[in-house]
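Coordinates in review
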Amino acid sequence: MSILKYKPHLTVRDNILYIEDISTVELAEKFGTPLYVYSENRIRENYKKIYNAFKKFNAEIRFACKANSNLSILKILKSLGSGLDVVSIGEIYLGILAGFDPEKIIYTGVNRSYEELDFAVQSGVVLNIDSISELKKLINICEKREKEVKISFRVNPEVDPKTHEKLSTGLKLSKFGLHEEQALKAYKIAKENKYLNIVGIHMHIGSQITSVEPYKEAFSKLILFVKRLKKELGIELDFIDMGGGIGIVYKPDQKFIEPEQVAESIDMDLDYEPKLLIEPGRYIVGDSGIVLTRVTTVKETPYKKFIGVDMGFNVLLRPAMYNAHHEVLVANKAGEEGKEVFDIAGNLCESGDMIAKERKLPKVEEGDILAVLDAGAYGYVMSSNYNSMLKPAEILVNGKDYYLIRERDSLSDLVAKQIIPKHLLRC
Ligand SMILES: Cc1ncc(COP(=O)(O)O)c(C=O)c1O
């Protein structure tokens, strides 16, 4: 089955892959490769789909911008009414720059420094606290600044999300969150401090989750804890944040879940009505984006056929980091049947730099353009200048229009922050 069945924003016209109404081959010619390209309308559709699925809870979305923090993408989300889930002061900065109300930004993080917490306090965002150590620093900051903050605590529900181990965040042995008894202690400490305004509770069990059961189990544990908070400490919350994590279809035959199924599986069994927050990242932007890359080499060894391309894991880290599968199409031969099996190799001097393995593709020649699909989440944000490669440009497509939303790095960017000590200047 073709993966395109799941990607209505991608179509084949006259043997060419189109994103919305724009030829990917023309984009590659005009802007060069490697190139990230996103469909604005797909982002809007995905947002609406997940929003509608959770409508019965009057849920609000806090887009997890670690998935994609390009300012134009953030502005699309803002125009849809989203808030933000951020994980660094850099993301707070970007969120505020994009025009988000700080009250609709929740700052989750782990092992944050005094300075980072202080920055967040001054920004007016909601702080989601991960440890007693962070809580103590926060109290110190608020007392010094005589400033009140809204806080929630991240609770570790000890549930296996049945995803890649590097994408699991709420296991017994995970580094994230407070386990139940510690969390209770943290709420008690917070309640006794006049500067801390307890507004919520948070969990996030993992990413690329493809079954409903982990959500059901974790959420019911969270609800039991929320009941304990009221019974034992008299705390009623404004919100319950169930995190993100809903997976997308990277492979035509893979298991996946719809947001409606997740919404169906959770039960807000409480005697009051806190707001539900959800923090999807991948679900909203993942399939909206592709990377276009040009074939530089077709190489046959006695054992394998390789296609060499002009991108590596500095452009898209997921295959190397998570062994992730991304479908690959030949954009200028998108209507042709697969004929030969190739490994697609990146251009970094690392043997782990493989974009895809054992893929059946039409006859591939040097100069062809490949499209690596589902690269809209955890794509550009994880790119780097490793091997002193240049980071790619990003394009946003909307119907028949397209926009350059980030320029490609130039060589001078590689040295922009470097300082050569005087004694080495003349070497
Ligand atoms: C705290 C938090 N919320 C939300 C997300 C978004 O996850 P996803 O992109 O899988 O929806 C993440 C990512 O792992 C996260 O760490």
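Residues numbered from 1 in each chain as written. Predicted model: local features only at pLDDT ≥ 70, side-chain atom pairs only at ≥ 80, totals over all residues. Heavy atoms only, no water.

So, the layout of surface pockets
Each pocket or cavity is described by its volume, and for the largest pocket that value is around 610 Å³. For the largest pocket, the lining is made up of 30 residues, of which Lys-66, Val-87, Thr-169, Phe-176 and His-204 are closest to its centre. Along the lines of polarity and charge, the residues of the lining of the largest pocket split into 9 nonpolar, 12 polar and 9 charged. Here the lining of the largest pocket spans two domains, since at least three of its residues come from each of domain 1 (3-39 + 286-415) and domain 2 (108-280). Approximately 420 Å³ is the volume found for the second largest pocket. Forming the boundary of the second largest pocket are 21 residues, of which Val-328, Leu-329, Glu-336, Gly-338 and Lys-360 lie nearest the centre. Elements represented by at least two residues in the lining of the second largest pocket include exactly strand S15 (328-330) and strand S17 (354-361). Along the lines of polarity and charge, the residues of the lining of the second largest pocket split into 11 nonpolar, 4 polar and 6 charged. (1 Å grid on protein atoms, 1.4 Å probe; cavity = no way out; pocket = protein on both sides within 12 Å on 5 of 7 lines; lining within 4 Å. Points joined across faces, edges and corners; volume = space filled by probe spheres on them. Nonpolar A, V, L, I, M, F, W, Y, C, P; charged D, E, K, R; others polar. Domains from an automatic or database assignment. Helix = DSSP H or I, 4+ residues; strand = E, 2+ residues; numbered from the N terminus.)

As for the site of the ligand
If you check the shell around the ligand, you find 14 residues, and the closest are Ser-207, Gly-245, Glu-279, Arg-282 and Tyr-378. A distance of 3.1 Å separates an oxygen atom of the ligand from a polar atom in the side chain of His-204. Between the ligand and Gly-245, the relevant distance is 2.8 Å, taken from an oxygen atom to a main-chain nitrogen or oxygen of the residue. In the complex, the protein chains occlude 95% of the 390 Å² of accessible area that the ligand would expose alone. Grouping the constituent residues of the shell around the ligand by class yields 3 nonpolar, 7 polar and 4 charged. (Near = heavy atom within 4 Å. Polar contact = N/O pair within 3.5 Å; in protein donor to acceptor, adjacent residues only side chain to side chain. Areas by Shrake-Rupley, 256 points an atom, 1.4 Å probe, with all protein chains shown as cover.)

Topic: empty space enclosed by the protein
Summed over all chains, the structure comprises 1 cavity of 30 Å³ or more. Taken as a whole, the largest cavity encloses approximately 50 Å³ of empty space. Lining the largest cavity, in full, are Ile-50, Phe-54, Tyr-215, Met-242, Gly-243, Gly-244, Gly-245, Ile-246, Val-262, Ile-278, Glu-279 and Pro-280. Across the lining of the largest cavity, the residue classes tally to 8 nonpolar, 3 polar and 1 charged.

With respect to the sheet that holds strand S6 (residues 83-86)
The strand order around the closed barrel built from 8 strands is S5-S6-S7-S8-S9-S10-S11-S12, with neighbouring strands paired in parallel fashion. Neighbouring strand axes in the sheet, compared pairwise and without regard to direction, differ in orientation by 30 degrees on average. Here helix H6 (residues 132-145) sits on the sheet in contact with strand S8 (126-129), strand S9 (149-154) and strand S10 (196-202), set at roughly 145 degrees to S8. (Pairing = 2+ DSSP bridges. Axes fitted to C-alpha atoms, helices over the stretch in contact; angles between N-to-C directions. Contact = heavy atoms within 4.5 Å.)

Observations regarding the pattern of salt bridges
With the rule as written, the count across this model stands at 27 salt bridges. Between Arg-42 and Asp-287 there is a salt bridge; the shortest N-O distance is 2.8 Å. With Arg-42 in helix H2 (residues 40-53) and Asp-287 in the loop between helix H10 (282-285) and strand S13 (289-300), this residue pair connects regions lying 245 residues apart in the sequence. Both residues of the pair, Arg-42 and Asp-287, belong to the buried class. (Salt bridge = Lys/Arg side-chain N within 4 Å of Asp/Glu carboxyl O. Buried < 20%, exposed > 50% of the residue type's maximum accessible area, 1.4 Å probe, protein only.)

As far as function goes, none of this settles anything; it's purely spatial.
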